[in-house]
Amino acid sequence: MEEITFKIYNSVKALPLLWDTVAQKNVFLQTPYLTVLENSAPTNMQCFYIGIFENSELIGVSLAQYLDLNKLESFGERDQCFKTAIRNYIFKNFASHTLFLGNNMITGQNGYVFSKEIDFEYISEILLESAEEITRYFKQKGVTIHLVSFKDFYNNCANELKQYRFKKIYEFNTQPNMIFNLDKNWKFADAYISAFSKKYRDQYKRAHKKFEGIIVKNLSFEQVLFYENTIYDLYHYVAKNAPFNTFFLAKNHFSTLKGQCGNRFQIFGYFFNDKLVGFHTLLLNDETLETYFLGYDETIQKENMLYLNMLYNMTEYGIENGYKRIIFGRTALEIKSSIGAQPINMSGFIYHNNKIINKYIGKIFKQLEPELNWQQRHPFK
């Protein structure tokens, strides 16, 4: 690696001038989004930005995130059982200081991007050496990094990394990423709806009928500011009822994101009797539409099938605006498959800095991993 070097930055303002040129194909690695993380990251998160150079030329950019789980109000309140209690105890006592190479706030391969082809041997070295340098940085501050995780690789990349230094690191697979590759022949929502089998066309009609009386508005920056407290409350209800959390967003996250990213960040408000009862967000990422965070009033969600209608609305936005795919993420697998998304397996790699714990990391991880029981739906003719 004589020609390939890296430098770790603590501030977006310190990044090299050509950073966004290198990151142009991934919105999650561009400075507007990184500035959002810097200005409105979860209170238990600190971000690091990694510039990768060939000689003195910037050819790659990467992201790392440190999480202090001691600052977390809750790991998630939906599943209350003995296994969950054990998991929470272990995370609190043996993994409370965690370093992610990648973006722990989203699903997908968004940890790095290069402006040219680079051998996976170099990529594996850069990722591991970056983790080691950040670990040393915290050690100097009196903080021991317990767990290091390299997040979200598609199978082809994971297999390449395993040929090099990653072959000694435990590989794990959690819930799949739900991705909807849109039919290029669909130009309008009608074509998408017509492609459903009768059962799922009836589901669409039933959900649409339940949706009557709810008005959807694409919110401006000023409107996001106006409704900021309500937006956060709706988000927080959904987040705290998730099966597992490692962070909660800052209260100003959505307004900061809208202010920084403008039209590349879309936030849609759902109004019932002039009251904001839900919202969903989208990030426009080259040819990919990325679903981001959402929130809703649980009473309206149940009565008006709000969540399912949000999924249809996201899909129709993707079709009518010419996107090739929609990334729906890891939660609610069955209902997402019912609107057309398909499961794509992704890998992560993880190690513990305690050698004894790391020796058994595979067995420990499997015991903590939630059981995955769901039925994939096939909605099209």
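Relevant structure appears above.
Residues numbered from 1 in each chain as written. Predicted model: local features only at pLDDT ≥ 70, side-chain atom pairs only at ≥ 80, totals over all residues. Heavy atoms only, no water.

1. So, the overall build of the protein chain
- Helix and strand content of the protein chain: 15 helices and 15 strands.
- Across its three principal directions, the C-alpha atoms of the protein chain cover 60 × 50 × 45 Å.
- Classification of the 381 residues of the protein chain by burial places 56% in the buried group.
- When contacts within the protein chain are restricted to residue pairs at least 6 apart in sequence, long-range pairs at least 24 apart make up 77% of them.
- Here the protein chain displays about 18400 Å² of accessible surface, and carbon together with sulfur accounts for 49% of that area.
- If you average the places of the 43 positive and of the 39 negative side-chain charges in the protein chain, the two averages end up 5 Å apart. (Helix = DSSP H or I, 4+ residues; strand = E, 2+ residues; numbered from the N terminus. Buried < 20%, exposed > 50% of the residue type's maximum accessible area, 1.4 Å probe, protein only. Contact = heavy atoms within 4.5 Å. Areas by Shrake-Rupley, 256 points an atom, 1.4 Å probe, with all protein chains shown as cover. Lys, Arg positive; Asp, Glu negative; His and termini not counted. Charge placed at Lys NZ, Arg CZ, Asp CG, Glu CD.)

2. Remarks on helix 10 (residues 253-261)
- With respect to burial, helix 10 is a largely interior element, seven of its nine residues being buried.
- Residues of helix 10 that are buried include every one of His253, Phe254, Ser255, Thr256, Leu257, Lys258 and Cys261, and no others.
- Turning to helix 10, the residues buried within the fold contact helix 2 (31-40), helix 8 (221-226), helix 9 (228-240), strand 10 (265-272), strand 11 (275-285) and strand 12 (288-296).
- A positive backbone phi angle near 55° is found at glycine 262, which sits one or two residues after helix 10.

3. Quick word on the packing of helix 7 (residues 198-210) against helix 12 (residues 306-320)
- Running from N to C, helix 7 and helix 12 cross one another at 110°; their axes reach a closest spacing of 9 Å. Classified by the angle their axes make, helix 7 and helix 12 are roughly perpendicular. Contacts from Tyr200, Gln203, Tyr204, Ala207 and His208 in helix 7 reach Leu308, Asn309, Tyr312 and Glu316 in helix 12.
- Residue classes in the contact of helix 7 with helix 12 are distributed as five nonpolar, three polar and one charged. (Axes fitted to C-alpha atoms, helices over the stretch in contact; angles between N-to-C directions. Parallel < 35°, antiparallel > 145°, perpendicular 65-115°, else oblique. Nonpolar A, V, L, I, M, F, W, Y, C, P; charged D, E, K, R; others polar.)

4. Re helix 9
- Spanning 13 residues, helix 9 covers 18 Å between terminal C-alpha atoms, matching the ideal 18 Å at 1.5 Å per step.
- Residues of helix 9 that are buried sit in contact with helix 8, helix 10, strand 10, strand 11 and strand 12. (Expected span 1.5 Å × (residues − 1).)

5. Examining the environment of serine 96
- Looking at the secondary structure, you find serine 96 in the loop between helix 3 (82-94) and strand 4 (97-101).
- Taking the C-alpha atoms as reference points, serine 96 and aspartate 183, 87 residues apart in sequence, are found 43 Å from one another.

6. Digging into the sheet that holds strand 9 (residues 214-218)
- Strand order in the open sheet formed by seven strands is 9-10-11-12-13-8-14, with mixed pairing between adjacent strands. Pairing within the sheet leaves two strands with one partner each, and these edge strands are strand 9 and strand 14 (342-344). Averaged over all neighbouring strand pairs, the angle between strand axes comes to 30°, with direction disregarded.
- Relative to strand 13 (residues 325-329), strand 12 runs parallel, the two sharing three bridges. By the bridge assignment, threonine 288 is partnered in strand 13 with arginine 325.
- Of the strands in this sheet, strand 10, strand 11 and strand 12 are in contact with helix 10, which crosses strand 10 at around 130°. (Pairing = 2+ DSSP bridges.)

7. Observations concerning the packing of helix 2 against helix 10
- One way to put it is that helix 2 packs onto helix 10 with a least axis distance of 9 Å and a crossing angle of 150°. If you check the angle between helix 2 and helix 10, you find them roughly antiparallel. Judged by the sense of rotation from one axis to the other, the crossing of helix 2 with helix 10 is right-handed. Here Pro32, Tyr33, Thr35, Val36, Asn39 and Ser40 of helix 2 come into contact with helix 10, specifically with His253, Thr256, Leu257, Gln260 and Cys261.
- Among the residues forming the contact of helix 2 with helix 10, the class breakdown is five nonpolar, six polar and no charged. (Left-handed = near helix turned anticlockwise from the far one by under 90°.)

Distances and angles like these do not, on their own, reveal function.
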